[in-house]
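Below are the chains, spelled out letter by letter.
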Amino acid sequence: MKSLNNKVAVVTGAGSGIGRAIAIELAQHGCVLALSDINEIALQETKQLILDAKSNTTTHLQTLDVANKQAVFEYARNVNADLGCVDLIINNAGVALSSGVDETKREDFEWLMNINFWGVINGCEAFLPYLKQSQDAHIVNISSVFGMIAIPRQSCYNAAKFAVRGYTEALRQEMGMKYPHISVSCVHPGGIATDIARNARVSEGEDISELTASFDKLAQTTPQKAAKIIVAGIKKNKSRVMVGWDAHVIHALYRLLGIHYIGLTQWLAKRLNYQ
Ligand SMILES: NC(=O)c1ccc[n+]([C@@H]2O[C@H](COP(=O)([O-])OP(=O)(O)OC[C@H]3O[C@@H](n4cnc5c(N)ncnc54)[C@H](O)[C@@H]3O)[C@@H](O)[C@H]2O)c1
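This write-up is about the structure you can find in this document. Bear in mind that the values here come from a model prediction, so they are computed numbers and not experimental data.

**As for helix H5 (residues 155-178)**
Reasoning step 1: An ideal rise of 1.5 Å per residue puts 34 Å on 24 residues; H5 measures up with 34 Å between its terminal C-alpha atoms.
Reasoning step 2: Listed in full, the buried residues belonging to H5 are Cys-156, Tyr-157, Asn-158, Ala-160, Lys-161, Val-164, Arg-165, Thr-168, Leu-171 and Met-175.
Reasoning step 3: Buried-residue contacts for H5 involve strand E5 (97-98), helix H4 (106-133), strand E6 (137-142), strand E7 (182-189), strand E9 (240-243) and helix H8 (245-257).

And the structure:
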């Protein structure tokens, strides 16, 4: 997808952070946008920001829970009917959970998997029939650096993001064989300065303000910078998009150390008292 001008782009979780920044970036590239989020007010704010950026892009807005399979399929039908086609989908909506494996409530694990994993699958499956009809289509699934390496207290998030990577890499190969006009990218952001930690669930007794404070220290890349890198990755048809210098370092370590990265992350987690 070399040019994004007039392409119909769907972005989930567009009410905040990376999704919002991608929406603004795509508007500046001339995309027609279909934006959704579970948070209606946040979604309206994104629309206003697009208008403030003096982009007169058509913007289709809908409140949507990506975990609700039926609602996502209905949404895909509506977007296609209202905008005439779909060329690009960015499965971005996601949440975080900090919890040790022996204290995780199954309810919280399922909440996260339903959004971070099944939400991505719902988006891919629901929009695929319309993407097949496009001349030049692209699917972007947002994983994480934690879809490459695992760390303590992130087992649920790791499970979802590793699964998104596996699914997306298989999807890219299948599309390449069956529908070569559909490109697929898996995105692995490092720490991006968004509200993800503030909106996270934590285990009983864990202080969310401590988690947020450490996240704010570590998350150095702005969502705007992340959006530019992701959009550049789409235009270059990259299979894997690393976002932020920390993501590049983690990717390099992962390739260099193989499974032995585990010793390093365990040592770091102990030093940071994140256990
Ligand atoms: N911020 C980071 O450091 C980072 C790093 C790696 C990966 N990611 C991934 O990037 C994506 C975006 O995260 P972010 O950092 O912008 O977080 P964010 O909290 O700023 O934004 C996430 C958005 O998703 C929406 N959302 C939550 N549950 C939803 C649901 N069920 N249906 C629809 N929308 C829902 C929220 O309302 C919010 O607007 C997520 O998939 C996240 O896992 C973020």
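**What to know about the site of the ligand**
Reasoning step 1: Lining the immediate environment of the ligand, one finds 29 residues, of which Ser-16, Asp-37, Asn-92, Tyr-157 and Thr-194 sit closest.
Reasoning step 2: A distance of 2.6 Å is found between an oxygen atom of the ligand and a side-chain nitrogen or oxygen belonging to Ser-16.
Reasoning step 3: Here an oxygen atom of the ligand sits 2.8 Å away from a polar atom, N or O, in the main chain of Asn-92.
Reasoning step 4: Within the complex, the protein chains bury 94% of what would otherwise be the 820 Å² of accessible surface of the ligand.
Reasoning step 5: The set of elements that each furnish at least two residues to the shell around the ligand consists of helix H1 (17-28) and H5.

**Things to note about the environment of Ala-269**
Reasoning step 1: Tracing the backbone through its elements, the reader meets Ala-269 in helix H9 (residues 261-271).
Reasoning step 2: Since its relative accessible area comes to 8%, Ala-269 is described here as buried.
Reasoning step 3: Placed 116 residues apart in sequence, Ala-269 and Arg-153 show a C-alpha to C-alpha distance of 9.5 Å.
Reasoning step 4: Apart from the residues within four sequence positions on either side, Ala-269 is in contact with Pro-152, Tyr-274 and Gln-275.

**Section: the sheet that holds E6**
Reasoning step 1: Read from one edge of the open sheet, seven strands run E3-E2-E1-E4-E6-E7-E9, paired in parallel fashion. One side of each edge strand has no neighbouring strand; the edge strands of this open sheet are strand E3 (59-63) and E9. Looking at each pair of strands side by side, their axes are set apart by 15° on average, direction ignored.
Reasoning step 2: Sheet topology note: the strand E2 (residues 32-37)/E3 ladder contains five bridges and is parallel. Paired with Ala-34 across the strands is His-60, a residue of E3.
Reasoning step 3: Sitting on the sheet, H4 touches strand E1 (8-11), strand E4 (88-91), E6 and E7, and the angle it makes with E4 is about 180°.

Analysis parameters
- Residues numbered from 1 in each chain as written.
- Predicted model: local features only at pLDDT ≥ 70, side-chain atom pairs only at ≥ 80, totals over all residues.
- Heavy atoms only, no water.
- Helix = DSSP H or I, 4+ residues; strand = E, 2+ residues; numbered from the N terminus.
- Expected span 1.5 Å × (residues − 1).
- Buried < 20%, exposed > 50% of the residue type's maximum accessible area, 1.4 Å probe, protein only.
- Contact = heavy atoms within 4.5 Å.
- Near = heavy atom within 4 Å.
- Polar contact = N/O pair within 3.5 Å; in protein donor to acceptor, adjacent residues only side chain to side chain.
- Areas by Shrake-Rupley, 256 points an atom, 1.4 Å probe, with all protein chains shown as cover.
- Pairing = 2+ DSSP bridges.
- Axes fitted to C-alpha atoms, helices over the stretch in contact; angles between N-to-C directions.

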